[in-house]
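Listed below, chain by chain, are the residues.
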Amino acid sequence: MMRTSTVELTADSPHGAAARRTTAWAAAGLAAAAGLAGGLLAPTDALQGPAQRLMYLHVPAAWVAYLAFAVVLVASGAHLVRGDARWDRIARAATEIGVVLTALTLATGALWGHLVWGTWWAWDPRLVGTALLFLVYAAALALRRALAERAGPPAHGDIRVTRPVAVLGIGGFLLVPVVHFSVLWWRSLHQQATVLAPERPPIDPRMALALLLAVAAVSVAATWVLADRVVRLRRQADAARTTTARRPARRPDLVR
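Residues numbered from 1 in each chain as written. Predicted model: local features only at pLDDT ≥ 70, side-chain atom pairs only at ≥ 80, totals over all residues. Heavy atoms only, no water.

Caption draft 1: Layout of the overall build of the protein. Secondary structure assignment for the protein yields eight helices and zero strands. Of the regular secondary structure in the protein, the N- to C-terminal order runs α-α-α-α-α-α-α-α. Taking all contacts inside the protein whose residues are at least 6 apart in sequence as the whole, residues at least 24 apart take part in 70%. Roughly 15,200 Å² of accessible area belongs to the protein as shown, and the carbon and sulfur atoms make up 65% of that amount. (Helix = DSSP H or I, 4+ residues; strand = E, 2+ residues; numbered from the N terminus. Contact = heavy atoms within 4.5 Å. Areas by Shrake-Rupley, 256 points an atom, 1.4 Å probe, with all protein chains shown as cover.)

Here's what the structure looks like:
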């Protein structure tokens, strides 16, 4: 069995490519298992009916978005301390993944709320917090683009671009615990902890199995996307440096 580490997954080599393919196939297998468990094995919720099955997409998207933003926190901090562009690439890829998953969380949550609560949106603490989380990290991506355009090529690894974005990425993580614990701190339409409840989890074991499979599938898929994106960003940076090195120096115009 091939051992796969984070370094191997992000290596731009045949062995790294093989490790990423293995991760992609593992994600596909887990997704298929989660789909079967959620669609066929898990029972229909007695109160919410079929709408409850959105949980198998909504909850994993939210949880893995938290993990993606945790990666942004660690990678951004490491970049500020070490100044290594590799950490910035990881933070950038994790930010993109987190933004996409948060958007998916909001979309599935809106559909679920429409089916169960009768409304697409409510000024619920968790809903508002999740929307703010999305806006902050989307702003981090927009800030990176704006600063890169101002810095000019090659902007890859330019501290004038990466440091402000890293600070925003670190500060944005403060919203994650606020969003997660909002159901405990304020009155909310969302239910409190189910799987991680202090008492015996008030969830059918078949539902719990489907949910855990879905979380595993999204986690592995996000890992594959992160590794693939980091490799592509490294190639873009190398290509930009090569282009800059080959560009002839501009000679001043001759005065006639």
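Once the structure has been displayed, the description carries forward.
Caption draft 2: The arrangement of the pattern of salt bridges in detail. Following the criterion strictly, the structure yields six salt bridges and no others. Measuring nitrogen to oxygen at the nearest pair gives 3.6 Å for the salt bridge that ties Glu-96 to Arg-92. Highlighted residues: Glu-96 and Arg-92, both in helix α4 (residues 85-116), separated by four residues, approximately one helical turn. Arg-92 sits in the partly exposed class, given a relative accessible area of 22%. Here Arg-229 ties to Glu-96 by a salt bridge, and the two come within 2.8 Å at their closest N and O atoms. You can see Arg-229 sitting in helix α8 (residues 205-246) and its partner Glu-96 sitting in helix α4, a full 133 residues away along the chain. What makes Arg-229 partly exposed here is its relative accessible area of 22%. Overall, Glu-96 belongs to the partly exposed group, its relative accessible area being 21%. Here the salt bridges do not stand alone but share partners, grouping Arg-92, Glu-96 and Arg-229 into one network. (Salt bridge = Lys/Arg side-chain N within 4 Å of Asp/Glu carboxyl O. Buried < 20%, exposed > 50% of the residue type's maximum accessible area, 1.4 Å probe, protein only.)

Caption draft 3: Here's a closer look at the packing of helix α3 (residues 55-82) against α4. At a closest axis distance of 7 Å, the pairing of α3 and α4 adopts a crossing angle of 155°. Between α3 and α4, the crossing angle belongs to the class labelled roughly antiparallel. As for how α3 packs across α4, the hand of that crossing is left-handed. Considering only residue class, the contact of α3 with α4 consists of 22 nonpolar, nine polar and two charged. (Axes fitted to C-alpha atoms, helices over the stretch in contact; angles between N-to-C directions. Parallel < 35°, antiparallel > 145°, perpendicular 65-115°, else oblique. Left-handed = near helix turned anticlockwise from the far one by under 90°. Nonpolar A, V, L, I, M, F, W, Y, C, P; charged D, E, K, R; others polar.)

Caption draft 4: Quick peek at the nonpolar core. Core analysis: the biggest nonpolar cluster contains 17 residues, and Phe-69, Leu-101 and Tyr-137 have the highest contact counts within it. Looking at this core, the elements with two or more residues in it are α3, α4, α5 (125-151), α7 (175-185) and α8. Here this core takes seven residues from α3, the largest share from any one element. Ignoring anything within four residues of it in the chain, the contact list for Leu-101 reads Ala-61, Val-64, Ala-65 and Val-218. (Core = buried A, V, L, I, M, F, W, Y, C linked by side-chain atoms within 4.5 Å.)

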